[in-house]
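This is what each chain is made of:
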Amino acid sequence: MTIVENHRFPGVFRIGDKAKSSLATRSVVPGQSVYGEKVLTIEEKGDFRIWNPRRSKLAAAIQKGVGEMPIQPGSRVLYLGAASGTTVSHCSDIVGPQGVIYAVEFSARTARGLLQLAESRSNIVPIIEDARHPTKYAPFVAGPIDVVYQDIAQPHQARILIDNIRVFCGFGAWGLIAIKARSIDSAAPIDEIYSSEIATLDDQGLEVIENVTLDPLEKDHRFVVCRVTEDQM
C-alpha cells in the first residue's frame, strides 16, 4: 500500500510504503513528468512527483537533514542557475499558485527546457540573464523576494548571492546556496574553500544559520542556509 505523509517542511511529502519512502512534491500540473521522474496518482490526494536527491541539490539537502527550508507555499523565490528546470519544477509545486519562481539561467540553450516548463506552469517566470548582474533583470522581478536560491558553477559564489539579495530582498529574507567547491578552485583544500565562502556571507551581513555537506549525493558540495538580519544589507 502506498502511503503519503507530510514532511516537516510544508509542501514536501514522503511517499512509499513501510519499508521505503521517497521525497515527493504534489504536482501543480496533473500527470506531468518534467524530467522523467515517476509520477504517482493517489486517490483523493492528487499526483505526486518523486523528488530524487541525486538529481536535485535542494532535495539532497533535505535528505541530509537540513533544519530550515524557507521555500514554502506562497513563497516568492529568485532561483539563480535554473538550468532546464529540474529543481525549479519541484519548487513550483511547493510554492503553488500563490507563489512565484523567478528562474534565472544564463545559457539560452540550457534554458530551452525551462521555457517549455514555464508554458505549463504560470508560477514560473523564466529570465535568460547572467546572475552576476542582477540589476539587468531587476525590471522583470515584481515585488520583494522571500528566498534567493543559488546553484551556479561560478567563482565568487557567495558574492553573487549577496549582490542579488541586496537588489531584491529586505530584512528577514533567506538565502540558500549550494557551494560548488571545484567551480571556485580546482586545487585548494575543500574545507578552505567552504570556509572562505561562508566567511564572505557572514562579513557582508548575512547570518549563516547552518551548512550541511551534500556528500555522497553531490560530491564536493556544501549547502548553506543564511538570513538577512542586518539593515546594512
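Structure: above.
Residues numbered from 1 in each chain as written. Predicted model: local features only at pLDDT ≥ 70, side-chain atom pairs only at ≥ 80, totals over all residues. Heavy atoms only, no water.

A.B. asks: Teacher, can you tell me more about the pattern of salt bridges here?
C.D. replies: A side chain of one charge can pair with a side chain of the opposite charge when the charged atoms of the two come close. In the structure shown here, the tally under the stated rule is seven salt bridges. For Lys-180, the salt bridge goes to Asp-151, with nearest N and O atoms at 3.1 Å. Here Lys-180, found in strand β10 (residues 174–180), pairs with Asp-151, found in the loop between β9 (147–150) and α5 (157–168); they are 29 residues apart in sequence, far enough to count as distant. With a shortest N-O distance of 3.9 Å, Asp-163 and Arg-159 are connected by a salt bridge. Note that Asp-163 and Arg-159 are positioned in helix α5 at a spacing of four residues, about one turn of the helix. Owing to a relative accessible area of 27%, Asp-163 belongs among the partly exposed residues under this scheme. (Salt bridge = Lys/Arg side-chain N within 4 Å of Asp/Glu carboxyl O. Helix = DSSP H or I, 4+ residues; strand = E, 2+ residues; numbered from the N terminus. Buried < 20%, exposed > 50% of the residue type's maximum accessible area, 1.4 Å probe, protein only.)

A.B. asks: Where do I start with the packing of aromatic side chains in this structure?
C.D. replies: Here a ring pair, both rings aromatic, is described through the centre-centre distance and the interplanar angle of the planes. The full count for this structure, using the stated rule, is four aromatic pairs. For the ring pair Phe-13 and Phe-48, a centre distance of 5.2 Å and an interplane angle of 80° mean the geometry is edge-to-face. You can see Phe-13 sitting in strand β2 (residues 13–16) and its partner Phe-48 sitting in strand β5 (residues 46–50), a full 35 residues away along the chain. The same class applies to Phe-13 and to Phe-48, which are both buried. Connected via pairs of aromatic rings, a cluster forms that spans Tyr-79, Tyr-149 and Phe-223. (Phe/Tyr/Trp six-rings, centres within 6.5 Å; stacked < 30°, edge-to-face > 60°.)

Keep in mind that these numbers describe shape and distance, not what the molecule does.
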